[in-house]
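Residue-level structure breakdown
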Amino acid sequence: MTAATDTLCWWIERGGSRALVREDGHVESSDPDLDAELRRRLGEPVTVYRRGTVSPGPAGTAAERRPVELRPGDRRYVVARIRALTAQDPGWRIAGIEWV
């Protein structure tokens with residue numbers, strides 16, 4: 001019997017290629033260009049908001065509209081980076097989310 005793990009992963013597509021990105025930042029892809037681009041993009045800081053996620057929501061307190069800068073290593077970083085990446089560039093698409 002194997003023990004189940006609980007690592008959240010996203011299937012990301014771009015230009016017909018697909019990669020698996022784990023919440024710890026690990027990237028798996030058979031496309032070396034996609035792999036390299038995702039690794040590069042997952043090293044960039046990302047700005048998120050407590051309401052609205054990748055852009056400030058219209059409602060809420062001033063604290064909720066204040067941006068939060070996340071960097072690799074922050075436990076929320078990969079989630080925010082994937083959301084920002086796919087929201088800001090229509091060439092990137094979340095094709096699925098799963099636990100592994």
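Everything below is about the structure printed above this text.
Note that the coordinates shown come from a computational prediction; the quantities given were computed from them, not determined experimentally.

**Let's talk about the overall build of the chain**
Regarding its fold elements, the chain presents 3 helices and 6 strands. Counting helices and strands in the order they occur from the N terminus, the chain gives β-β-β-α-β-α-β-α-β. Counting only residues that meet the buried cut, the chain has 32% of its 100 residues in that class. In the chain, 47% of the contacts between residues at least 6 apart in sequence involve partners at least 24 apart.

**Focus on the pattern of salt bridges**
Taken as a whole and assessed by the stated rule, the structure comprises 10 salt bridges. Among the charged side chains, a network of salt bridges with common partners joins E37, R40, R41, E44 and R81.

**Section: helix 3 (residues 77-88)**
Compared with the 16 Å implied by 1.5 Å per residue over 12 residues, the 16 Å span of helix 3 between its first and last C-alpha is a close match. Looking at helix 3, one finds that the buried residues are Y77, V78, A80, R81, I82, A84, L85 and T86. Buried residues along helix 3 sit against strand 1 (8-14), strand 2 (17-22), helix 1 (32-41), strand 4 (46-49), strand 5 (67-70) and strand 6 (92-99).

**Concerning the pairing of strand 2**
The pairing of strand 1 with strand 2 spans 6 bridges and is antiparallel. The residue bridging I12 from the neighbouring strand is A19, located in strand 2. The antiparallel pairing of strand 1 with strand 2 creates a hairpin that spans 2 residues between the two strands, and G15 there sits at a positive phi of about 55 degrees. Sheet analysis places strand 2 next to strand 3 (residues 27-29), joined by 3 bridges and oriented antiparallel. Each bridged residue has a counterpart across the sheet, and for V21 the counterpart in strand 3 is V27. The turn joining strand 2 and strand 3, which pair antiparallel and follow one another in sequence, is formed by 4 residues; a positive phi near 95 degrees is taken by G25.

**Here's the deal with the environment of R83**
Mapping R83 onto the fold places it in helix 3. Sequence spacing of R83 and V48 is 35 residues, and the spatial spacing of their C-alpha atoms is 9.3 Å.

**Observations regarding helix 1**
All buried positions along helix 1 are accounted for by L34, D35, E37, L38 and R41. Projected down its long axis, helix 1 carries its buried residues within an arc of 170 degrees, all on one side. The outward face of helix 1, more than 90 degrees from its buried face, is lined by the exposed residues P32 and D33. Close packing links the buried residues of helix 1 with strand 1, strand 2, strand 3, helix 3 and strand 6. Of the residues flanking the start of helix 1, the one acting as N-cap is D31, its side-chain oxygen 2.8 Å from the backbone nitrogen of D33.

**Quick notes on the sheet that holds strand 6**
Pairing within the open sheet is antiparallel, and its 4 strands lie in the order 3-2-1-6. Lying at the two open borders of the sheet, with one neighbouring strand each, are strand 3 and strand 6. Direction aside, the axes of adjacent strands within the sheet are offset by 25 degrees on average. Where helix 1 meets the sheet, it contacts strand 1, strand 2, strand 3 and strand 6, and its direction lies at approximately 165 degrees from that of strand 3. Together, strand 1, strand 2 and strand 6 form the strand contacts of helix 3, whose direction differs from that of strand 6 by roughly 150 degrees.

Cut-offs applied
Residues numbered from 1 in each chain as written. Predicted model: local features only at pLDDT ≥ 70, side-chain atom pairs only at ≥ 80, totals over all residues. Heavy atoms only, no water. Helix = DSSP H or I, 4+ residues; strand = E, 2+ residues; numbered from the N terminus. Buried < 20%, exposed > 50% of the residue type's maximum accessible area, 1.4 Å probe, protein only. Contact = heavy atoms within 4.5 Å. Salt bridge = Lys/Arg side-chain N within 4 Å of Asp/Glu carboxyl O. Expected span 1.5 Å × (residues − 1). Pairing = 2+ DSSP bridges. Arc of directions from axis to C-beta. Polar contact = N/O pair within 3.5 Å; in protein donor to acceptor, adjacent residues only side chain to side chain. Axes fitted to C-alpha atoms, helices over the stretch in contact; angles between N-to-C directions.

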